[in-house]
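Next come the chains, spelled out residue by residue.
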Amino acid sequence: MKSFILLLILFIRFSPLADAQVIRGKVTSTSGEPVPYATIYIQELKQGTTANTRGDYEIRLPPGKYMLICQSLGFEPLFAEILLADKDIARDFVLPEQYYEIPEVRITASGEDPAYVIMRKAIGLAPYYLNQISHYKADVYLKGNLVIGRIPKIMERAIRMEARSSSGGSSVSSSRMKEGDSFFMESFNEIEFTAPDKYVQKVISYNSTFPDEGNEISPMDFIQASLYQPLIADLAISPLSPDAFSHYNFRYMGSSPQGNYVINKIGVRPKRKSQQLFSGTIFIIEDLWCLHSIDLTNENIVGKIRLQQLFIPVQEEVWMPVSHTFDVDISIIGFRAVAGYGSSVRYNEVIPNTSLARPSSLTTDFRMRNIDTDTIGSGSRQQIEKILQKEELTNRDMARLSRLMTKESERSVSDSTRNSLEVRDRTTYVIRDGAAAKDSAWWAGVRPVPLSDIEKRSLRVADSTKALLRRAGESKTDTVPETESRKKNKTITAVKNIAFGHTWTDSKGFRFMAGGLIDLKKLSFNTVDGFVYGTDFRFSKAWKEKGTLSLYPDFRRAFSRQSLMWRVNTNYSFSGMKQRQIFIRTGVTSKDLNSNGGINPFLNAEASLLVKSNYLKLYESRYILGGYSSEIANGLNIELTAGYEDRRVLENTTSFALFGSSREYTANVPVNEFLDPPVTSYVSLRDQRHGDFAVSLQYTPYQRYRIAGGNKIPAGSDWPTFRLTWKHGINEFSDLSDDLLHYDMFRFEVSKRRNIGAFSEFVWRLRTGAFANNTTLPWYDFFHFNTQPLPFLIDNYEDAFRLPDYYSLSTSELFGEFHLKYTTPYLLLKLLPGLSNTLMRENLTLSWLGSRYHSHYTEIGYTLSEIFLLGEAGIWAGFDNLRYRSLGFKIILRL
């Protein structure tokens, strides 16, 4: 009954039989050409629509007297008063071209382009306009289309195979996509926004001809994106960003009166060709310094994206976008297509943010501009007014105004929202029952934007395909050949699962994953074990209220050493809000002597087999470790561990190599000054037994968090993370002493990753540590450091020294370690033509290591990252006590 009432309401609201008439017509220029995507706005209802690509529009309204405003970028707006009674009305618009003049008053004494005078105020006030609205409700009609121009042959074959598989071998499939196809989607949505960032989207109805029907059409990415934000959709830097003058040149192209407003046209041109910048024009309203409209283009790896938006005063001097248009020319790895995405917005309710005081000088009424700033109040508001009273702002004024407006905007947020550390999913997406069930007749009666010819053809093809699939499904019967085929497919699937792995789940929370027998990633080689190959399994069981139990066994065969290596990790997670875990790890396996990051096993295998260089040094570990971790308070975590390990020295067991057979492998002993003769008995590598107990505390002040499925997940903080570790170790050397030898290790670490601008970040890490009773400390328990001297790497380490040899920096002495990395899209080489139009970023790195009785080692580097989105290349220089030591070039593949 409830659903029936809801459908009845929707029928009354959208039905062409309801008490509403249609205004339709065509929008053209004075030359007779259609004006695509022109906006027709009804001032009394705060409602509008958008013309299609042919300039056709139509809008349904109840009887009454209305003022229609027709406008489009580059044209003068036209106003038409319409009296709508009981008949439909045809009303065409012929838009004259908009001319912009440069008045003499705009010519500055310094010769600076007047655009910068305008942009400084617009940029400084962007945080205000970004947070101007406290709440709104709107109806949004969203329409998108895609026309396939070219599909590479390899992609076409993959699509064909997937379609055949999903249709069970049937010749009829709706998933097939081919050149020349066109697809169309549309939806009616109700959008509700509550500051600062809560959105609720209700999909009333949607219609789609895209493959795999039932896809959800969401306008949220477009509705939420704002040019007032410094970074738009993590894609490009806004021309209204506080850093805009570092990236854009602006040109004043004139002004034009529109009613009570004067609109300034500003040309936007990137200082360098870049995929992270826009070009085009923006239109700024004089004295309000807010957006009137935008027409911007961004060219990136996907293709060319053109963004157009038109703003309307929904309340007095409150301008909000009422139409969005996105045109995309897609061109990537041989795939060609043209896509369009547009929407029209009707605001049902708009509530300004009264907690954010409007600067008194932001008005088109000149009588309100000359105010006494001393009467406004104190603090940042008074400073804002004094800055805005200036005729021309400096860059310093602009930056200060932006900071002050950001500060005021943050204050306008309620204390409960501002002080809450929980990061909630602020977007709610709801699809109403029956949203996809509307037929073509229903859509024809309610669609606010007429369909283009291509869109009509797409709907006809989709309807005929649905009918064909329906008839095929009704006539399909099982036959003997199909049954045999099904059995054959099951056998093939079973063999494939055993060979390449598979995951099985059930509805009761059980999950089993078999790694498969054929997986080249599990094949490795080193001089101690020889070739190593194996498989793994994953078992897990989740209980709704009791947590999750996981069991991860792993089995591998060391063929040259003729040894079976195995590991079993067991973990029980419970009390998700406290992130509590109990874990046990045990096994018999070979381990790297560097426990803090050594050579990648794949790189070691390649170096050993190809050039007979064995960098990896191993020992055998027979171990068991148990532990418990929990959150004590928000951001404060503790971990307790206790373990036992039987350590055994290993030697090389093979001299096999594909090339360089005349060379000899080096012994399975690291090169380090503490292991050079004469080496002390306790430091030297020898069989021994070891036990330890460790306590680790980690604290991140004001840590934000998310809650998902009853589990608390850390989500960052503006503060660094502090970590303190104490470990008490016990070593037994049966061949040297009957006594148990004790030591204590202390280590402290502080680290932080901080975004400092568009595509820029600052990462640093400080670490120090020391041993008590280190005179009998074995080399296994030394402080080990991450060194990566090879010219080719496949991991992106943030705490690595790039030039020293493996194992060479290990020490038992008091040490201090520091790493810093600064990343920015433009610094040096990215300013050059050719490189500026890539997504690469530039990095500066600084690393330092100091220890008692040894020289201080410093390393500086410069790199280009995101090369083809995967690679990084750069150069590093090393210094001992600030004296030059070495130089190295690296290529890093991020996998």
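So, here's what we can say about the structure. (Residues numbered from 1 in each chain as written. Predicted model: local features only at pLDDT ≥ 70, side-chain atom pairs only at ≥ 80, totals over all residues. Heavy atoms only, no water.)

### A short note on the sheet that holds strand 20 (residues 335-352)
Alright, step 1. Taken in spatial order, the eleven strands line up as 14-15-16-17-18-19-20-9-10-11-21 in an open sheet, and their pairing is mixed. Of all the strands in the sheet, just strand 14 (248-258) and strand 21 (427-431) have a single pairing partner and so form its edges. The sheet shows a mean angle of 15° between the axes of neighbouring strands, taken without regard to direction.
Alright, step 2. Here strand 18 (residues 303-315) pairs with strand 19 (residues 318-332) via twelve bridges, running antiparallel. When the bridges of strand 19 are listed, Arg 306 appears paired with Asp 327.
Alright, step 3. In the packing of helix 2 (residues 114-130) onto the sheet, the strands contacted are strand 14, strand 15 (261-270) and strand 16 (279-285), and the crossing angle to strand 14 comes to about 90°. (Pairing = 2+ DSSP bridges. Helix = DSSP H or I, 4+ residues; strand = E, 2+ residues; numbered from the N terminus. Axes fitted to C-alpha atoms, helices over the stretch in contact; angles between N-to-C directions. Contact = heavy atoms within 4.5 Å.)

### Things to note about the sheet that holds strand 3 (residues 47-50)
Sheets are built from strands paired through backbone hydrogen bonds, the pairs being either parallel or antiparallel.
Alright, step 1. With antiparallel pairing, the four strands of this open sheet are ordered in space as 3-2-5-6. A strand with exactly one partner marks an edge of an open sheet, and here the two such strands are strand 3 and strand 6 (78-84). Here the strands of the sheet are splayed against their neighbours by 25° on average, with no regard to which way each runs.
Alright, step 2. The pairing of strand 2 (residues 39-42) with strand 3 spans four bridges and is antiparallel. The partner of Ile 42 across the bridge, within strand 3, is Gln 47.

### Observations concerning a nonpolar patch on the surface
Alright, step 1. On the surface, a cluster of nonpolar side chains totalling about 880 Å² of accessible area is made up of Leu 520, Leu 523, Phe 531, Phe 559, Leu 610, Val 611, Phe 656, Leu 658 and Phe 659.
Alright, step 2. What makes Val 611 partly exposed here is its relative accessible area of 43%. (Patch = residues over 30% accessible without salt bridge, like charges linked within 9 Å, V, L, I, M, F, W, Y side chains within 5 Å. Areas by Shrake-Rupley, 256 points an atom, 1.4 Å probe, with all protein chains shown as cover. Salt bridge = Lys/Arg side-chain N within 4 Å of Asp/Glu carboxyl O. Buried < 20%, exposed > 50% of the residue type's maximum accessible area, 1.4 Å probe, protein only.)

### What about the environment of Ser 808?
Alright, step 1. Of note, Ser 808 is situated in the loop between strand 37 (792-793) and strand 38 (815-824).
Alright, step 2. Classification of Ser 808 as partly exposed rests on a relative accessible area of 25%.
Alright, step 3. Taking the C-alpha atoms as reference points, Ser 808 and Glu 673, 135 residues apart in sequence, are found 7.4 Å from one another.
Alright, step 4. If near-sequence neighbours (up to four positions away) are discounted, Ser 808 is found in contact with Val 671 and Asn 672.
Alright, step 5. A polar contact is formed between the side chain of Ser 808 and the backbone oxygen of Asp 805, at a distance of 2.7 Å. (Polar contact = N/O pair within 3.5 Å; in protein donor to acceptor, adjacent residues only side chain to side chain.)

### Brief notes about the pattern of salt bridges
Alright, step 1. Under the defined criterion, the tally for this structure stands at 35 salt bridges.
Alright, step 2. Residue Arg 561 is joined to Glu 620 by a salt bridge in which the shortest nitrogen-to-oxygen separation is 3.0 Å. You can see Arg 561 sitting in the loop between strand 26 (547-558) and strand 27 (563-574) and its partner Glu 620 sitting in strand 29 (residues 618-633), a full 59 residues away along the chain.
Alright, step 3. On the basis of relative accessibility, which here comes to 7%, the residue Glu 620 falls in the buried class.
Alright, step 4. Within this structure, Glu 749, Arg 765, Arg 767, Asp 799 and Glu 817 form a network of salt bridges that share partners.

### Remarks on the packing of helix 6 (residues 380-388) against helix 7 (residues 395-412)
Alright, step 1. For the pair helix 6 and helix 7, interaxial distance at closest approach is 10 Å and the crossing angle is 145°. Two packed elements cross with a definite hand, and for helix 6 against helix 7 that hand is left-handed. Residues Ser 380, Arg 381, Gln 383, Ile 384, Ile 387 and Leu 388 of helix 6 touch helix 7, and the partners they reach there are Asp 397, Arg 400, Leu 401, Leu 404, Met 405, Glu 408 and Arg 411.
Alright, step 2. In the contact of helix 6 with helix 7, the residues fall into six nonpolar, two polar and five charged. (Left-handed = near helix turned anticlockwise from the far one by under 90°. Nonpolar A, V, L, I, M, F, W, Y, C, P; charged D, E, K, R; others polar.)

### With respect to the pairing of strand 42 (residues 883-893)
Alright, step 1. One ladder, built from two bridges, connects strand 37 with strand 42; its direction is parallel. Paired with Leu 793 across the bridge in strand 42 is Ile 892.
Alright, step 2. Taken together, the ten bridges between strand 41 (residues 871-880) and strand 42 define a ladder with antiparallel strand orientation. Considered in strand 42, the bridge of Glu 872 is made with Ile 892.

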